[in-house]
Amino acid sequence: MRQLFGISVLFLLASCSGKAFLFTSFHEPADKGLRMLYSFDGKKWNDLDTVLLQPKVGEQKVMRDPSMIQDRNGIFHLVWTSSWRGDKGFGYASSKNLINWSEQWFIPVMKHEPTTVNVWAPELFYDDIRDQYMIIWASCIPGRFERGIEADSNNHRMYLSTTRDFVTFSDTKLFLDPGFSVIDAVILKKGEKEYVMVLKDNTRPERNLKVAFANDPMGPWTNISKPFSVSFTEGPSILKMDDQWLIYFDSYQKKIYEAVQTKDFKSFENITTNVQVPAGHKHGTILPVKRKWVNQLIKKLKR
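Residues numbered from 1 in each chain as written. Predicted model: local features only at pLDDT ≥ 70, side-chain atom pairs only at ≥ 80, totals over all residues. Heavy atoms only, no water.

A. Main features of the confidence of the model for the chain. Overall, the prediction assigns the chain a mean pLDDT of 93, with 94% of residues at 70 or greater. Within the model, pLDDT remains below 50 along residues 1-17, and this stretch shows 43 contacts once partners closer than five positions in the same chain are excluded. (pLDDT = per-residue confidence, 0-100. Contact = heavy atoms within 4.5 Å.)

See below:
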């Protein structure tokens, strides 16, 4: 393997002064590419109103569900859904300034499973226990798991690959089988040995968001909660503000973005009326960054 780039701890320090937030985004029909929102308070979001990266990999060459983190050397790493169906992997690119991007790579994480229907919403998380990046995503392999009333081609489980350099990746393995179709899982570190996963129960009776808990980001994940959102919600994105965690999610039947806040991931307060998310925004990842990154980005885009 190549030398480790250096892992970001920036996203663990969301409430520090001098921080801002970037919210990766896309607009339907998702063929234009990466968009981004920014905020200085975590609640009022502004659209940079431009495409920062056009998708060039994958069967359909779209960019959905972009997830991004930044390492300690300042390099941004981005992964995304590159096709609605048919792909056996996802897209990857990196950037030092969010304007100029590396060559795009297609990471074929499910090539060993020829009947895989899709690879959806790859999500990045830094595992500080093992000093590695985790990438988790949802895939459906028909006939592999018991299902409910949803079609066998819509019976997802979460899978995992890890990397230290975004060049060499571990073999793919099953990450989460909660006994139901699950997509859009996001991991956060709540305490020294406390991890929370926000996930979508994608079964037909549910289609809502729940949380699970673990003492290690690799699992096992237990105590899956009752839903904290109504049905027809997905794409959770999370940030820390003081002693509160804010969870944004796409309420796709209402065609709006909603948000809740929680201290303990047991009780949730809806704060949708207190946040502002531009129309057309579709789910990605919220990344705390230094204010200079946002200011530099705005300045460069105005030239």
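And the narrative resumes.
B. Representation of helix H1 (residues 291-302) in the model. End to end, H1 covers 17 Å across 12 residues, agreeing with the expected 16 Å (1.5 Å per residue, within 8%). Within H1 the residues assigned to the buried category are Trp293, Val294, Leu297 and Ile298. The arc that holds every buried residue of H1, seen down its axis, measures 130°, which confines them to one face. Exposed positions of H1 whose direction lies more than 90 degrees from the buried face are Lys299 and Lys302. On its buried face, H1 is in contact with strand E1 (19-25), strand E2 (35-39), strand E4 (64-70), strand E5 (76-81) and strand E19 (286-290). (Helix = DSSP H or I, 4+ residues; strand = E, 2+ residues; numbered from the N terminus. Expected span 1.5 Å × (residues − 1). Buried < 20%, exposed > 50% of the residue type's maximum accessible area, 1.4 Å probe, protein only. Arc of directions from axis to C-beta.)

C. Representation of the side chain of serine 39. Inspection of the secondary structure assignment puts serine 39 in strand E2. For serine 39, the side chain forms a polar contact with the side chain of aspartate 41, separated by 3.0 Å. Residues contacting serine 39, with those up to four places away along its chain left out, are Ala20, Phe21, Lys44 and Trp45. (Polar contact = N/O pair within 3.5 Å; in protein donor to acceptor, adjacent residues only side chain to side chain.)

D. Layout of the packing of aromatic side chains. Applying the stated rule across the entire model yields 19 aromatic pairs. Residues tyrosine 133 and phenylalanine 166 carry aromatic rings whose centres are separated by 4.7 Å and whose planes lie at 50° to one another, so their mutual orientation is tilted. Remark: phenylalanine 166 occurs in the loop between strand E10 (156-163) and strand E11 (173-176) and tyrosine 133 occurs in strand E9 (residues 132-140); sequence separation between them is 33 residues. The residues tyrosine 133 and phenylalanine 166 share a single accessibility class, namely buried. Note on phenylalanine 228 and phenylalanine 268: the rings are 4.5 Å apart at their centroids and 15° apart in plane angle, and the pair reads as stacked. One end of the pair, phenylalanine 228, is in the loop between strand E14 (208-214) and strand E15 (233-241); the other, phenylalanine 268, is in the loop between strand E17 (256-262) and strand E18 (269-270), with 40 residues separating them in the sequence. For phenylalanine 228, a relative accessible area of 14% gives the class buried. (Phe/Tyr/Trp six-rings, centres within 6.5 Å; stacked < 30°, edge-to-face > 60°.)

E. How the structure looks around empty space enclosed by the protein. All chains considered together, the criterion is met by one cavity of 30 Å³ or more. Looking at the largest cavity, its volume works out to about 80 Å³. Considering the residues around the largest cavity, the lining is formed by 13 residues, among which Ala121, Glu123, Pro236, His283 and Gly284 are closest to the centre. Breaking the lining of the largest cavity down by element, the ones donating at least two residues are E4, strand E8 (120-127), strand E12 (182-191) and E15. Considered class by class, the residues forming the lining of the largest cavity number five nonpolar, five polar and three charged. (1 Å grid on protein atoms, 1.4 Å probe; cavity = no way out; pocket = protein on both sides within 12 Å on 5 of 7 lines; lining within 4 Å. Points joined across faces, edges and corners; volume = space filled by probe spheres on them. Nonpolar A, V, L, I, M, F, W, Y, C, P; charged D, E, K, R; others polar.)

F. Structural context of the pattern of salt bridges. This structure, assessed with the given rule, holds 16 salt bridges. Two residues, arginine 35 and aspartate 47, come together in a salt bridge whose shortest N-O distance is 3.3 Å. Highlighted residues: arginine 35 in strand E2 and aspartate 47 in strand E3 (residues 46-47), separated in sequence by 12 residues. What makes aspartate 47 partly exposed here is its relative accessible area of 24%. Among the ionic pairs, arginine 130 bridges to aspartate 127, the shortest N-O distance being 2.8 Å. What emerges from the salt-bridge pattern is a single network uniting Arg35, Asp47 and Asp49. (Salt bridge = Lys/Arg side-chain N within 4 Å of Asp/Glu carboxyl O.)

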